[in-house]
Amino acid sequence: MHLVREISENLFWVGADDRRLELFENVFPIPRGVSYNSYLLLDKKTVLFDTVDKSVSAVFYENLSFLLKNRSLDYVVINHVEPDHCANLAELVLRYPGVKIVGNAKTADMLKQFNNFEASNYNFESGFLEVKEGDFLETGKHKFTFVMAPMVHWPEVMVSYDTTEKILFSADAFGTFGALSGHIFADELNFETEWLNDARRYYTNIVGKYGNQVQALLAKAAALDIKLVCPLHGPVWRKNFGWYLEKYQRWSAYVPEDDAVLIVYGSIYGNTENAANILAALLAEKGVRNIRLFNVSKTHPSEIVAEAFRCSHLIFAAATYNAGVFCNMETVLEHLKAHNIQNRTVAIIENGSWAPQAGEIMAKFFQTIPKINMIERKITINSSLKQNQRSELELLAGDIYASMPKTVIPAHDVKTAPIQNEPFFKLSYGLFLLTVRDGEKDNGCIINTAVQLTDVPKRITFSVIRKNYTNDILKKTGVFNISILKQSTPFDVFKRFGFSSGRDVEKFANCPKKTRSANGLIYAPEHGNAFISGKVISVTDYDTHTLYIADITESCVIDNAPSMTYQYYFDHVKPKPPITGEKKVGWVCRVCGWIHEGEELPEDIICPLCKHGASDFEKLP
Ligand code: FEO
């Protein structure tokens, strides 16, 4: 039975998942499987972009015949000849003998090496359509051009660009390990939290060696207007691609992602491991918060390579073995070199019972790696760590810590004292209407935490109460408007959008004007002096609130009336509690004025009107 997904009008994913393969390229463990992506365009001409691995041929051909029905296949564009994408070609031409194979000169040579076209009765010389960089292929409504991308991952690799719909068929670039499991778009997945590690492991181990070539492709791609990116493995990108592109920029330039310490140890009886563990603890005591330890005899080198690309500091602790470096550590070092790791701070610990050698050999090894900042202090353990060597480890931890950017605050330097609520009320918050839309349903809520994060690109950050319905919609859609409210905004607006839930009421039901910005969402033309539209690029839940970072897609000033501040709201807008003559004992919610009666305020209280917590209550006078 076929399994296809529509990517855009008349363009379909016709690939398949593979969860049976243990080792990708017979090297890399893929516990989450992998997808082989192939795409079919039904234009005036029919065009297939790459094929799939032989292991999933059956469903691939079902997909093709389901979509083609009685049509012939006119073109198959070969962006990459590697057999996980091209092993089906000899059979494809047998099934669709009139198909033209589109590729570059190198593609042709390599295809003939891998396939026996004579056995398929296919005249390759007349069936092959050679394209060069910048050539065009018109297929009806669509017009494609081709960009050569040699060594991303093999020499024949090219990418295809649909100038009509702005779609990039990116070959191995922007791919990842991991079966798609029904998803096809990256924004259907929790990519940042659940896929990034596999994406990094895929990039670093498959094309990590070819950073310069990847940079060359990124430079060419920067000149294209790209709406969709269709890689040969993993999901298609239609939103937030800039976030992923930034990872590629770092990885290909060998710039660490994080100020972090990776400790890799090769230990025979646990004594070298003991030193690695103590060093990690000493670093943690100093305030380093991002430390990973790996046992080279347990963790696959591909994971260590990926983490080495992520971390700024690499510590290698190895026993001496056969007058050399512990064998599994030697393997890891060779993997790192093969994938061109560079531009890191490195420290070394060695162990040896009668003739320690590992340290010197590792130090010489790192002299062959570009841009290594070697920490001079090298620790030698004779069989096991002795009490008097703890100070050596402390000094090494100090050297490592000293070489890290000082965004890490030493934990022992921070003294604690009582935390009062009042200083937080003195922060100069504004008040804003955050609006979202889920299908036909508009909703919104009041927030007080929107600030600009960066100027180039324009980005903002803001938080929303996690329980809010608006928050649920925003997490789902990633698109919003923030209207900056004016001082003249009446209390009714705060009541409607701050103290009721869109789950119970239609918040915009009685709004006279429903003015929409370019993204189709409502903004507040009457009570707002400006609005900002954005799309979310990062979402993190923190206890009661969700923190968002977003790219700006539109911003517009409506008028020059002064903005509402939190202070102005409390002093001039929020009604004062009525004077009844009867003195109440209790706590008042500073945000909406709801009163909890009683001497004690429950620690876990949530205001039933505006959902703020205990920190927003104050005792009645
Ligand atoms: Fe997925 Fe380089 O092939």
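Up top is the structure.
Residues numbered from 1 in each chain as written. Predicted model: local features only at pLDDT ≥ 70, side-chain atom pairs only at ≥ 80, totals over all residues. Heavy atoms only, no water.

Draft legend 1. How the structure looks around the pairing of strand β7 (residues 39–42). Taking every second residue as pointing to the same face, both faces of β7 are buried, with Tyr39 and Leu41 on one and Leu40 and Leu42 on the other. Sheet topology places strand β2 (residues 11–13) next to β7; three bridges connect them, and they run antiparallel. Counterpart to Trp13 in the pairing with β7 is Tyr39. Sheet topology note: the β7/strand β8 (residues 46–49) ladder contains four bridges and is antiparallel. Looking at β8, one finds that Leu42 is bridged to Thr46. Adjacent in sequence and paired antiparallel, β7 and β8 are bridged by three residues. (Buried < 20%, exposed > 50% of the residue type's maximum accessible area, 1.4 Å probe, protein only. Helix = DSSP H or I, 4+ residues; strand = E, 2+ residues; numbered from the N terminus. Pairing = 2+ DSSP bridges.)

Draft legend 2. Inspection of the layout of surface pockets at higher detail. In this structure, the second largest pocket spans a volume of roughly 720 Å³. Looking at the second largest pocket, it is lined by 24 residues, and the ones nearest its centre are Asp187, Leu189, Asn240, Lys475 and Val539. Where the lining of the second largest pocket is concerned, the elements lending two or more residues are α6 (191–206), α15 (469–477) and β29 (528–542). If you tally residues by element for the lining of the second largest pocket, the top one is β29, at six residues. (1 Å grid on protein atoms, 1.4 Å probe; cavity = no way out; pocket = protein on both sides within 12 Å on 5 of 7 lines; lining within 4 Å. Points joined across faces, edges and corners; volume = space filled by probe spheres on them.)

Draft legend 3. Inspection of the nonpolar core at higher detail. Membership of the largest hydrophobic core comes to 93 residues, with the highest contact counts inside it found for Ile7, Leu92, Ile101, Leu111 and Tyr244. Counting residues per element, this core draws most heavily on α6, at seven residues. Ignoring anything within four residues of it in the chain, the contact list for Tyr244 reads Phe174, Gly175, Thr176, Phe191, Ala199, Trp237 and Trp251. Among the nonpolar cores identified, the runner-up in size contains 29 residues, and Val296, Phe309, Ala319 and Ile369 belong to it. (Core = buried A, V, L, I, M, F, W, Y, C linked by side-chain atoms within 4.5 Å. Contact = heavy atoms within 4.5 Å.)

Draft legend 4. Structural detail: the sheet that holds strand β28 (residues 479–485). The strand order across the open sheet built from seven strands is β25-β24-β28-β29-β30-β27-β26, with neighbouring strands paired in antiparallel fashion. Two strands in the sheet have a free side with no partner beyond their single neighbour: β25 (441–447) and β26 (450–454). For this sheet the average axis-to-axis angle between neighbouring strands, irrespective of direction, equals 35°. As paired elements, β28 and β29 share seven bridges and run antiparallel to each other. Opposite Val479, over in β29, you have Lys535 as the bridge partner. Against the sheet, α15 makes contact with β24 (432–438), β25, β27 (459–465), β28, β29 and β30 (545–557), and its axis sits at roughly 55° relative to β24, the strand it touches most. Helix α16 (residues 491–498) contacts β24, β25 and β28 of the sheet and is inclined by roughly 115° relative to β25. (Axes fitted to C-alpha atoms, helices over the stretch in contact; angles between N-to-C directions.)

Draft legend 5. Focus on the sheet that holds strand β31 (residues 586–589). Across the sheet, three strands lie side by side as β32-β31-β33; this open sheet has antiparallel pairing. Strands at the two margins of the open sheet, each flanked by one partner only, are β32 (595–597) and β33 (617–619). The mean inter-strand angle of the sheet, taken between neighbouring strand axes irrespective of direction, is 25°. Bridge analysis of β31 against β32 gives three bridges, and the strand direction is antiparallel. Each bridged residue has a counterpart across the sheet, and for Trp587 the counterpart in β32 is His596.

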